Each structure stands twice: as structure tokens, then as C-alpha cells.
Amino acid sequence: MNPQPFVDRVFARLNPNPSDFKFEHWNHSGRPTDEGFGIQPVADVDPEKLVAAVLDVDHYVGNIDHVTECRMIADDRYDGTTQKRFYQKLTIPMLGSVHHELVLADLGERDGFRVVACDVLRSETDALSAKAGFRSDYNSGAWLVKPGVVGYALSSAPKRDDVGFLKWQALTKGANAAASTVVKGAVSGMVTFSKSRG
């Protein structure tokens, strides 16, 4: 697990002071889906509260859209506070469920932003049952937050053998088309979750 190269690609395209929602996407290494990054002004965001919400994986269900299962997994490789291994299942309307195991890490501060990023655990995800949902081939995410600004980046695709042709098209080409809306919704959802935690 190493989200740093993904985070570096996001920072290379960063507009640190957007006046409204901005979204960029780019292809990396010929993958079937683009990497995408959205950033927007959020006047009353508390960076530390938002980081705490991102790290609170045990309470995503009911607070983050489409997350139907999410729980931390104890693992001596990670401290359980600033680094967390977790299982997550998301249900995508009309397409079914995707699941994976990830590691989420608080990367501290960079260029004025607090950064939290995640990356897929390859062997652990491959060991999951395809009957319970298609598995992620790759899945990286990054949250960037500073006073007045929140950004979210995402790169994901299913394992090709886990889905049929039409579902593959919807989850790759379709995902590229919907990415801006998905990222904007994720930012709004996490901000709301961070405020609800008190």
C-alpha cells in the first residue's frame, strides 16, 4: 500500500484556492478509468474535524452515500489511529456491490493542506468472494482540506473478470462520465458527516 504517488499526481494539478467547484481528470498508465480530483470552497469547514470524520471508518454506514458495510480490521502492521486497515462494501444503484480492503493513512500536512489517503490492499481484496460483490482492481483516494477548502480525489475500477461486458462499460466509461458528480457528492457528504459528529 503506497498512496503517495497518487497524492503526488493530485498535488501536481492542484488549484489551492478555487472560487467554486473545480474538477480535473487524467489518465494514468493507460488504465480503464481516469483519475479524478474535485476541489471546492467550503466556508465553515474545520480541517481537523473533517480529517477525524474521514478516519472514522466504523461510522461510514448511514453517513456516507452508498456505503453498506464498513469496518476497521485489526492489523499489527498499522497503528489503528493514523493508519487503518478496513473492509468496505458499496452498493451502486443498478450495478450491484463492489468491495475491497483498503489502508487509510493520515499523511499530515502538505502545502497547507491536511491530507488523508487510502489505497487498496491487493492480496486481501483478491481473497474476498466475488459472489458477495465485484472486487476492486485498483482503488485509491485522497482527501485534502484546509480552512475554507475541501478536495477529494479518486481512482478506481473493478477486476475485469468479476463483471460482464455491459457492467464493465458502465463501471469504466460510465464512471468517467459520472466522476465529477460523484466527487462533488463525496465532498458534500463528508463535510456533512464531519459536522454531525459534533
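Residues numbered from 1 in each chain as written. Predicted model: local features only at pLDDT ≥ 70, side-chain atom pairs only at ≥ 80, totals over all residues. Heavy atoms only, no water.

Asker: For this particular structure, what's the right way to read the packing of helix α2 (residues 47-55) against helix α4 (residues 165-196)?
Answerer: When two helices pack together, their arrangement is captured by the angle between the axes and the distance separating the axes. Running from amino to carboxyl end, α2 crosses α4 at an angle of 100 degrees, the nearest separation of the two axes being 8 Å. With respect to α4, the element α2 is oriented roughly perpendicular. In this structure, α2 contributes Lys49, Leu50, Ala53 and Val54 to the contact, and α4 contributes Met190, Val191, Phe193 and Ser194. For the contact of α2 with α4, a count of residues per class yields six nonpolar, one polar and one charged. (Axes fitted to C-alpha atoms, helices over the stretch in contact; angles between N-to-C directions. Helix = DSSP H or I, 4+ residues; strand = E, 2+ residues; numbered from the N terminus. Parallel < 35°, antiparallel > 145°, perpendicular 65-115°, else oblique. Contact = heavy atoms within 4.5 Å. Nonpolar A, V, L, I, M, F, W, Y, C, P; charged D, E, K, R; others polar.)

Asker: How should the nonpolar core be read in this particular structure?
Answerer: For soluble globular proteins, nonpolar side chains are generally found buried alongside one another. Counting 35 residues, the largest nonpolar core has Leu50, Val54, Tyr60, Leu104, Trp143, Val150 and Met190 as the members making the most contacts within it. Elements represented by at least two residues in this core include exactly α2, β3 (67-73), β4 (83-92), β5 (96-110), β6 (113-120), β7 (134-146), β8 (149-158) and α4. Excluding residues that lie within four positions of it along the chain, Met190 makes contacts with Leu50, Ala53, Val54, Tyr60, Ile64 and Trp143. Val7, Phe11, Leu14 and Leu144 belong to the second-largest nonpolar core, a separate cluster that totals 15 residues. (Core = buried A, V, L, I, M, F, W, Y, C linked by side-chain atoms within 4.5 Å. Buried < 20%, exposed > 50% of the residue type's maximum accessible area, 1.4 Å probe, protein only.)

Asker: Explanation requested: α2 in the structure shown.
Answerer: One turn of the α-helix equals 3.6 residues, which is why residues spaced by three or four share an orientation. All of the buried residues along α2 are Pro47, Leu50, Val51, Ala53, Val54 and Leu55. Where the residues of α2 are buried, they touch β4, β5, β6, β7, β8 and α4. Taking the backbone nitrogen of Glu48 as reference, a side-chain oxygen 3.0 Å away marks Asp46 as the first, capping residue of α2. (Polar contact = N/O pair within 3.5 Å; in protein donor to acceptor, adjacent residues only side chain to side chain.)

Asker: How should the pattern of salt bridges be read in this particular structure?
Answerer: The tally for this structure, following the rule as stated, stands at 17 salt bridges. In this structure, Lys22 and Asp20 form a salt bridge, with 3.2 Å as the shortest nitrogen-oxygen distance. Given a relative accessible area of 37%, Lys22 falls into the partly exposed group. When the shortest N-O distance is used, the salt bridge between Glu101 and Arg85 registers 2.8 Å. In this pair, Glu101 is assigned in strand β5 and Arg85 in strand β4, connecting sequence segments 16 residues apart. Comparing Glu101 with Arg85, the two get one shared label, buried. Where salt bridges share partners, they join Asp75, Arg77, Arg85, Glu101 and Glu124 into one cluster. (Salt bridge = Lys/Arg side-chain N within 4 Å of Asp/Glu carboxyl O.)

Asker: Where do I start with the packing of aromatic side chains in this structure?
Answerer: Describing an aromatic ring pair means giving the distance of the ring centres and the angle of the ring planes. Scanning the model with the defined rule gives three aromatic pairs in all. Look at Phe11 and Phe113: their rings are 6.3 Å apart centre to centre, the planes differ by 80 degrees, and that puts the pair in the edge-to-face class. Remark: Phe113 occurs in strand β6 and Phe11 occurs in helix α1 (residues 4-12); sequence separation between them is 102 residues. For the pair shown, Phe11 and Phe113 are each scored as buried. Seen from the ring of Phe11, Arg110 lies directly overhead, with NZ or CZ sitting 4.3 Å from the centre. (Phe/Tyr/Trp six-rings, centres within 6.5 Å; stacked < 30°, edge-to-face > 60°. Lys NZ or Arg CZ within 6 Å of the ring centre and 35° of its normal.)

Asker: So what exactly am I meant to see when it comes to the environment of Ser29 here?
Answerer: Position of Ser29 among the secondary structure elements: in the loop between β1 (22-26) and β2 (35-41). Since its relative accessible area comes to 66%, Ser29 is described here as exposed. In the structure, Ser29 is positioned 35 residues away from Ile64 in sequence and 30 Å away in space, judged by C-alpha atoms. At 3.3 Å, the side chain of Ser29 and the side chain of His28 are in polar contact.

Asker: What's the story with the pairing of β7 in this structure? I'm lost.
Answerer: On a regular strand, each side chain points to the face opposite its neighbour's, so the side chains alternate between the two faces of the sheet. Counting buried positions along β7 yields 12 of 13 residues, so the element is predominantly enclosed. Bridge count between β5 and β7: two bridges; the pairing is parallel. Residue pairing across strands places His99 opposite Arg135, the latter belonging to β7. The sheet contact formed by β6 and β7 spans six bridges and is antiparallel. From the neighbouring strand, Val116 faces β7, where its bridge partner is Trp143. With 10 bridges connecting them, β7 and β8 associate as antiparallel partners. Note that in β8 the partner of Ser140 across the bridge is Ser155. (Pairing = 2+ DSSP bridges.)

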